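The lines below spell out each chain.
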Amino acid sequence: MKIIYGLSGQGFGHSTRCHPTITHLLKAGHDVRIYTYGQSLFMLEKDFGDRIFEIPGFTLSYQKNKLVYWKTILDNAKKIIGHGRQFKKIKTDFDAFSPDLIITDFEPITAFLAKTAKRPLISIDNQHQLTKTEVLLDNKKYLKDLIADKIVIKSMVWGADYYLVTSFFTTLPKNNKTFMFPPIIREDVLGLPTSCGDYVLVYEGANFEHLLPLLKKSAGKFVVVGPHRDGQDGNIIYHKFSTGEWLDLLKDAKAVIGTAGLSLLGECVYLKKPYFALPICQQVEQIINAEYLERLGYGDFSLDLKQTELDDFLANLERYQANLNQDCPSGNTLLFGKLDELIKKLGQKSQS
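My aim in this report is to walk through the structure given alongside it, one point at a time. (Residues numbered from 1 in each chain as written. Predicted model: local features only at pLDDT ≥ 70, side-chain atom pairs only at ≥ 80, totals over all residues. Heavy atoms only, no water.)

**Notes on the side chain of Thr 110**
Link 1 in the chain: Along the polypeptide, Thr 110 turns up in helix 4 (residues 108-116).
Link 2 in the chain: Here Thr 110 falls in the buried class, since its relative accessible area comes to 0%.
Link 3 in the chain: Residues contacting Thr 110, with those up to four places away along its chain left out, are Ile 4, Gly 6, Tyr 35, Ile 102 and Thr 104. (Helix = DSSP H or I, 4+ residues; strand = E, 2+ residues; numbered from the N terminus. Buried < 20%, exposed > 50% of the residue type's maximum accessible area, 1.4 Å probe, protein only. Contact = heavy atoms within 4.5 Å.)

Below you can see the structure in the form of structure tokens.
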């Protein structure tokens, strides 16, 4: 089957999830064309460069670890104008490839093309957990943000034939077209041998300057990985991000601190690493992830980090570890099996 796979290019989570899925599709004999942009181009180019078609993309805008709605709307409005000028080129490539199926990971252009060309559409992402399943939100002050997020999600991807939703926690689907699965784990992490080292790993995926003074006051060693610096400052060791070194640091960390994005959270649950989440403010998806992390006893979170909260997390690593050890990781088998089943079903339907 000829498949166009569209994925968001903001951050590394989408490409992390899509790489093993695309690899699986290729091994199954499908012809896959990839529509993406931004950081996903960097992550996928090495293995799939000749299959990639660059498209313009929407992004979320942040300031000081906070999602800024007005800037997000303004920046994306400017890009919509650019989309109009580039759409003819995109449509030409789409028609030339003539896909039998479109798969989208929170990428709206491919979803739009699927609907206008009347091709079947499968959505694989974590975002639709908010709209297609029953999700609990403890902190009611974020209900308005949840409503806003649902509007954004519904406007990005709509009308899919099936929704395959990935998450480290299970919620009840609202219809028989939605299915829940554990997070997709990249190949490098599957089977990664782990140990409990003497340091806490910090992924500086957002502005964590407020965290560093607290780390210095805490007992123990911290390894901070981010885009800005190398070196050591007291009990903090800094590393600029590289994929290979990150995996080495992750497998031996005794715990992890980062934002509450699904990809890293899912990998840490899979590897049994206690996690302290610092959700990006006003990104309610991350707040919900953090609440479920705490509810399951896999770690803790804070929306306004204080020294006592950080110290309490570090003092309870054994309890979090015990809870994680009770979880049974399934890898990618369940989702890939369902995807194969749906592709076969849609293929038979198109031939009848």
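**Overview of empty space enclosed by the protein**
Link 1 in the chain: With the rule as written, the count across this model stands at two cavities of 30 Å³ or more.
Link 2 in the chain: When its volume is computed, the largest cavity comes out at roughly 50 Å³.
Link 3 in the chain: Considering the residues around the largest cavity, the lining is formed by Thr 16, Arg 17, Thr 166, Pro 183, Ile 184, Leu 262, Ser 263 and Glu 267.
Link 4 in the chain: Elements represented by at least two residues in the lining of the largest cavity include exactly helix 1 (13-27) and helix 9 (262-270).
Link 5 in the chain: Counting residues per element, the lining of the largest cavity draws most heavily on helix 9, which supplies three residues.
Link 6 in the chain: Volume-wise, the second largest cavity comes out at about 40 Å³.
Link 7 in the chain: What lines the second largest cavity is simply Asn 126, Gln 129, Leu 130, Thr 166, Glu 285, Ile 288 and Asn 289.
Link 8 in the chain: If you list the elements that add at least two residues to the lining of the second largest cavity, you get helix 5 (129-132) and helix 10 (284-296).
Link 9 in the chain: The dominant element in the lining of the second largest cavity, judged by the number of residues it contributes, is helix 10, at three residues.
Link 10 in the chain: Within the lining of the second largest cavity, the residues separate by chemical class into two nonpolar, four polar and one charged. (1 Å grid on protein atoms, 1.4 Å probe; cavity = no way out; pocket = protein on both sides within 12 Å on 5 of 7 lines; lining within 4 Å. Points joined across faces, edges and corners; volume = space filled by probe spheres on them. Nonpolar A, V, L, I, M, F, W, Y, C, P; charged D, E, K, R; others polar.)

**A word on the nonpolar core**
Link 1 in the chain: Grouped together as the largest cluster of nonpolar side chains are 61 residues, with contacts concentrated most on Tyr 35, Phe 168, Leu 201, Tyr 275 and Ile 288.
Link 2 in the chain: What Ile 288 contacts, discounting residues up to four positions off in sequence, is Leu 130, Val 135, Leu 136, Leu 137, Leu 146 and Phe 169.
Link 3 in the chain: Of all hydrophobic cores here, the second largest spans 26 residues; its members include Ile 3, Tyr 5, Ile 103 and Phe 336. (Core = buried A, V, L, I, M, F, W, Y, C linked by side-chain atoms within 4.5 Å.)

**Observations concerning unusual backbone geometry**
Link 1 in the chain: For Phe 106, which is not a glycine, the phi torsion comes out positive at approximately 55°.
Link 2 in the chain: Mapped onto the elements of the fold, Phe 106 is located in the loop between strand 6 (101-105) and helix 4.
Link 3 in the chain: Judged by its relative accessible area of 11%, Phe 106 falls in the buried class.
Link 4 in the chain: Even without being a glycine, Lys 272 presents a positive backbone phi close to 65°.
Link 5 in the chain: By secondary structure assignment, the location of Lys 272 is in the loop between helix 9 and strand 17 (275-277).

**What to know about the environment of Glu 309**
Link 1 in the chain: You can see Glu 309 is positioned in helix 11 (residues 307-315).
Link 2 in the chain: Accessibility expressed as a relative area gives 27% for Glu 309, which makes it partly exposed.
Link 3 in the chain: Between the alpha carbons of Glu 309 and Phe 276 there is a distance of 9.7 Å; along the sequence they are 33 residues apart.
Link 4 in the chain: Sequence-distant contacts of Glu 309, that is, excluding residues within four places in its chain, are made with Phe 276, Ser 302 and Asp 304.

**Some words on the pattern of salt bridges**
Link 1 in the chain: Tallied over the full model, the rule gives 14 salt bridges.
Link 2 in the chain: Arg 17 is the salt-bridge partner of Asp 105, the closest N and O atoms lying 2.7 Å from each other. Taken as a pair, Asp 105 in strand 6 and Arg 17 in helix 1 lie far apart in primary sequence, 88 residues in all.
Link 3 in the chain: Overall, Asp 105 belongs to the buried group, its relative accessible area being 0%. (Salt bridge = Lys/Arg side-chain N within 4 Å of Asp/Glu carboxyl O.)

**Observations regarding the sheet that holds strand 16 (residues 255-258)**
Link 1 in the chain: Here we have seven strands laid out as an open sheet, ordered 14-15-13-12-16-17-18, and mixed in their pairing. Edge positions in the sheet fall to strand 14 (231-233) and strand 18 (299-301), since each of these pairs with one other strand and no more. Ignoring which end each strand starts from, the neighbouring axes of this sheet average 20° apart.
Link 2 in the chain: As paired strands, strand 17 and strand 18 are joined by three bridges and run parallel to one another. Across the sheet, residue Phe 276 finds its bridge partner in strand 18, namely Asp 300.
Link 3 in the chain: Those strands touched by helix 8 (residues 243-252) are strand 12 (199-203), strand 13 (221-226), strand 15 (236-240) and strand 16, and its axis lies near 135° from that of strand 12.
Link 4 in the chain: Seen against the sheet, helix 10 touches strand 17 and strand 18 and runs at an angle of roughly 140° to strand 18. (Pairing = 2+ DSSP bridges. Axes fitted to C-alpha atoms, helices over the stretch in contact; angles between N-to-C directions.)

**Quick word on the packing of aromatic side chains**
Link 1 in the chain: The full count for this structure, using the stated rule, is 10 aromatic pairs.
Link 2 in the chain: With a centroid separation of 5.1 Å and 45° between ring planes, the pair formed by Tyr 35 and Phe 53 is classed as tilted. Of this pair, Tyr 35 sits in strand 2 (residues 31-36) while Phe 53 is found in strand 3 (residues 52-54), placing the two residues 18 residues apart along the sequence. Exposure class is identical for Tyr 35 and Phe 53. Each is buried.
Link 3 in the chain: With a centroid separation of 5.9 Å and 65° between ring planes, the pair formed by Phe 87 and Phe 112 is classed as edge-to-face. With a gap of 25 residues between them, Phe 87 in helix 3 (residues 69-97) and Phe 112 in helix 4 connect regions that are remote in the sequence.
Link 4 in the chain: Residue class for Phe 87 comes out partly exposed when judged on its relative accessible area of 30%. (Phe/Tyr/Trp six-rings, centres within 6.5 Å; stacked < 30°, edge-to-face > 60°.)

Geometry only, nothing functional implied.
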